[in-house]
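# Architecture and fold: a report
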Amino acid sequence: MTTAQTPVDLDVQPTPLALLLLGREADPRSERGVECPGDLPSPSDPDLVERARAAKEKLGDKVFVLGHHYQRDEVIQFADVTGDSFKLARDAAARPEAEYIVFCGVHFMAESADILTGDDQKVVLPDLAAGCSMADMATAEQVAECWDVLTEAGIAEQVVPVSYMNSSADIKAFTGKHGGTICTSSNAKRALDWAFEQGEKVLFLPDQHLGRNTAVRDMGMSLEDCVLYNPHKPNGGLTAEELRNAKMILWRGHCSVHGRFSIDSVNDVRERIPGVRVLVHPECKHEVVAAADEVGSTEYIIKALDAAPAGSKWAIGTELNLVRRLANAHPDKEIVFLDKTVCFCSTMNRIDLPHLVWALESLAEGNLVNRIEVDRETEQFAKLALERMLALP
Ligand code: 13P
Ligand code: SF4
């Protein structure tokens, strides 16, 4: 996440200052990978756009470029399809003829694409350091320990795990192994409906906010039906009785980008722009979601603004690259960023034009770089969980 001072100018460019320098450093504790091994072109090379175009053209049908809605403009222009994480997972699975899937998004999305594509297809993440801080908040060891706590409390057999797409392949495999499903922000209610048909309780990983918002806002549960499992405390900081009384066991994880929006941001924008409609992503805190007019995934936000009448006013609570693009695409509507401070997803922003050019040119020269490959056993169980999601009604 990258922040700067008020007020928010939607024309501002993402700053790389807070990022690890061009993928040349690594955080070994995170789900994201290692250093970028390549010789990256300079960001000031005036031919970068032409070089990306030429390399893509040379690769032809062999390459399929996927772009998440939070990617930079300079990158999204080269995407064959754009989408939220659900749409991109489906699109990746529907392209068996492409030898290379270049994923302009973050590490967990590329892992999911590898799981859902054929063995002879290779998924490439242009910068291996494009991870996700939320996915890092649930490790395989912590989740295995949590399952032991649930077993000790005598409830493991009643619990169905539901894991947000924004989790590592290991967590998805755990979910598949224990009879659960994956969900995204566009199908979380359907996933929970399904899970409560299979069992009496849900362990929701790793985004507490999406879990709580879906349970309370969409499924009619109360806040008291939810407990928060803190992996950094013994027994998750919960008594066996608290676990037995809960319907939703929420993992203590969150998105550092959406977590910034506050009730003050909502009150402030309503004061500044009378008649504004507040539309936020369900990764926002519960009080923000409760104070908003509409809530939905990135794909929902895009459709809502497409359908909105000219002259309408909107404050959007999601990542800034997308909000800026939406504001540019709808000059007839007033579209502002919900918060006063600039807030890009710094890991999404790691995929920039130099990394994309480097990845495409390497592939065009026959060098497979930055491949994301999930091992067979993990893949087998993670695929089970992902396929349960894709089969949801
Ligand atoms: P969606 O793409 O499912 O809306 O999720 C948003 C997000 O945070 C992706 O990292
Ligand atoms: Fe992760 Fe949040 Fe960035 Fe999405 S926006 S990749 S959940 S940190």
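Residues numbered from 1 in each chain as written. Chains lettered and ligands numbered in written order. Predicted model: local features only at pLDDT ≥ 70, side-chain atom pairs only at ≥ 80, totals over all residues.

Moving on, we come to the overall build of the chain. Tallying secondary structure elements over the chain gives 15 helices and 13 strands in all. Computed over its C-alpha atoms, the radius of gyration of the chain comes to 21 Å, within 12% of the 21 Å expected for a compact globule of 393 residues. The principal-axis extent of the C-alpha atoms belonging to the chain is close to 65 × 55 × 35 Å. For the chain, with 393 residues in total, the buried portion stands at 50%. Expressed as a percentage of contacts within the chain between residues at least 6 apart in sequence, the contacts between residues at least 24 apart total 70%. (Helix = DSSP H or I, 4+ residues; strand = E, 2+ residues; numbered from the N terminus. Rg over C-alpha atoms; globule rule 2.2 N^0.38 Å. Buried ≥ 20, exposed ≤ 12 C-beta atoms within 10 Å, placed from the backbone. Contact = placed C-beta atoms within 7 Å.)

This next bit is on the packing of helix α3 (residues 85-93) against helix α4 (residues 107-116). Two elements in contact, α3 and α4, have axes whose closest approach is 8 Å; the angle formed by their N-to-C orientations is 35°. Seen from above, α3 lies across α4 with right-handed handedness. Counted together, S85, L88, A89, A92 and A93 of α3 and M109, S112, A113 and L116 of α4 form the full contact between these two elements. Split into classes, the residues belonging to the contact of α3 with α4 amount to seven nonpolar, two polar and no charged. (Axes fitted to C-alpha atoms, helices over the stretch in contact; angles between N-to-C directions. Left-handed = near helix turned anticlockwise from the far one by under 90°. Nonpolar A, V, L, I, M, F, W, Y, C, P; charged D, E, K, R; others polar.)

A few words now on the nonpolar core. Nonpolar side chains in soluble globular proteins tend to end up buried together. In this structure, I101 and F103 are the most contacted members of the largest nonpolar core, which totals 116 residues. The element that contributes the greatest number of residues to this core is helix α14 (residues 353-364), accounting for seven residues. Here I101 is in contact with F64, L66, A92, A113, T117, Q121, V123 and V124, once residues within four sequence places are set aside. (Core = buried A, V, L, I, M, F, W, Y, C linked by C-beta atoms within 7 Å.)

Turning our attention to the site of ligand 2. Of all residues adjacent to ligand 2, which total 13 residues, the nearest are C132, M134, C255, V257 and C345. Here the residues of the shell around ligand 2 sort into eight nonpolar, four polar and one charged. (Near = placed C-beta within 6 Å.)

Partitioning the chain into domains gives domain 1 (21-132 + 347-376), domain 2 (135-255) and domain 3 (258-337). Domain 2 and domain 3 are separated by 28 Å when their C-alpha centres are compared. Counting residues at the interface gives 14 residues for domain 2 and 13 residues for domain 3. Ranked by the residues each element gives to the side of domain 2 that touches domain 3, the list is headed by helix α8 (residues 208-218), at seven residues. Among the residues making up the side of domain 2 that touches domain 3, the classes are represented as four nonpolar, seven polar and three charged. (Domains from an automatic or database assignment.)

This paragraph deals with α14. For α14, built from twelve residues, the straight-helix expectation of 16 Å at 1.5 Å per residue is met to within 8% by its first-to-last C-alpha distance of 16 Å. Of all twelve residues that make up α14, ten are buried, and the element is covered over most of its length. Among the residues of α14, L353, P354, H355, L356, V357, W358, A359, L360, E361 and L363 are the ones counted as buried. Those residues of α14 that are buried lie in contact with α1 (48-59), β1 (63-68), α2 (73-76), β3 (100-104) and β4 (122-124). Remark: G366 follows α14 within two positions and exhibits a positive phi of approximately 90°. (Expected span 1.5 Å × (residues − 1).)

Let us look at the site of ligand 1. Neighbouring ligand 1 are D84, S85, F86, N166, T184, S185, C255, E283, S297 and T298. Class assignment for the residues of the shell around ligand 1 results in two nonpolar, six polar and two charged.

Another aspect to go through is the sheet that holds strand β5 (residues 159-164). With respect to topology, five strands assemble into an open sheet ordered β6-β5-β7-β9-β8, the strand pairing being parallel. If you trace the sheet from one side to the other, it starts and ends with β6 (181-183) and β8 (226-229), each paired once. Averaged over all adjacent pairs, the angle separating strand axes in this sheet is 25°, with direction ignored. The pairing of β8 with strand β9 (residues 248-251) spans four bridges and is parallel. Bridge pairing in β9 places C226 opposite M248. Packing against the sheet, helix α6 (residues 169-177) makes contact with β5, β6 and β7 (201-205), and its axis sits at approximately 150° to β5. Docked against the sheet, α8 engages β5, β7, β8 and β9, running at close to 155° with respect to β9. (Pairing = 2+ DSSP bridges.)

Once that is clear, we can look at the sheet that holds strand β11 (residues 294-295). Across the sheet, four strands lie side by side as β11-β10-β12-β13; this open sheet has parallel pairing. Every other strand in the sheet has two partners, leaving β11 and β13 (334-337) as the edge strands with one partner each. Pairing geometry for strand β10 (residues 277-280) and β11, over two bridges, is parallel. Paired with L279 across the strands is E294, a residue of β11. Most of the contacts of helix α13 (residues 320-329) go to β13, to which it runs at about 165°, and overall it touches β12 (313-317) and β13.

A word on the pairing of β7. Across the five residues of β7, five count as buried, placing the element largely inside the fold. What you see with β7 is no split at all: K201, L203 and L205 on one side and V202 and F204 on the other are buried throughout.

Next up on the list: the environment of V75. As for its position among the elements, V75 is in helix α2. When the C-alpha positions of V75 and V357 are compared, they lie 9.6 Å apart, and in sequence the two are 282 residues distant. With residues up to four places along the chain from it excluded, the contact list for V75 reads G67, C104, I351, D352, L353 and L356.

So, about the packing of α4 against helix α15 (residues 376-390). It is the contact of α4 with α15, at a shortest axis distance of 9 Å, that shows an interaxial angle of 95°. What the angle tells us is that α4 and α15 run roughly perpendicular. Counted together, S112, I115 and L116 of α4 and E379, A382, K383 and L386 of α15 form the full contact between these two elements. Here the residues of the contact of α4 with α15 are counted per class, giving four nonpolar, one polar and two charged. (Parallel < 35°, antiparallel > 145°, perpendicular 65-115°, else oblique.)

A separate point is the confidence of the model for the chain. Looking at the chain as a whole, its pLDDT mean stands at 91, while 90% of the residues score no less than 70. Residue range residues 1-9 is modelled with pLDDT below 50. Its contacts to residues more than four positions away, or to other chains, number 25 contacts. Confidence drops under pLDDT 50 across residues 11-29; counting only partners more than four residues distant or on other chains, this segment forms 32 contacts. (pLDDT = per-residue confidence, 0-100.)

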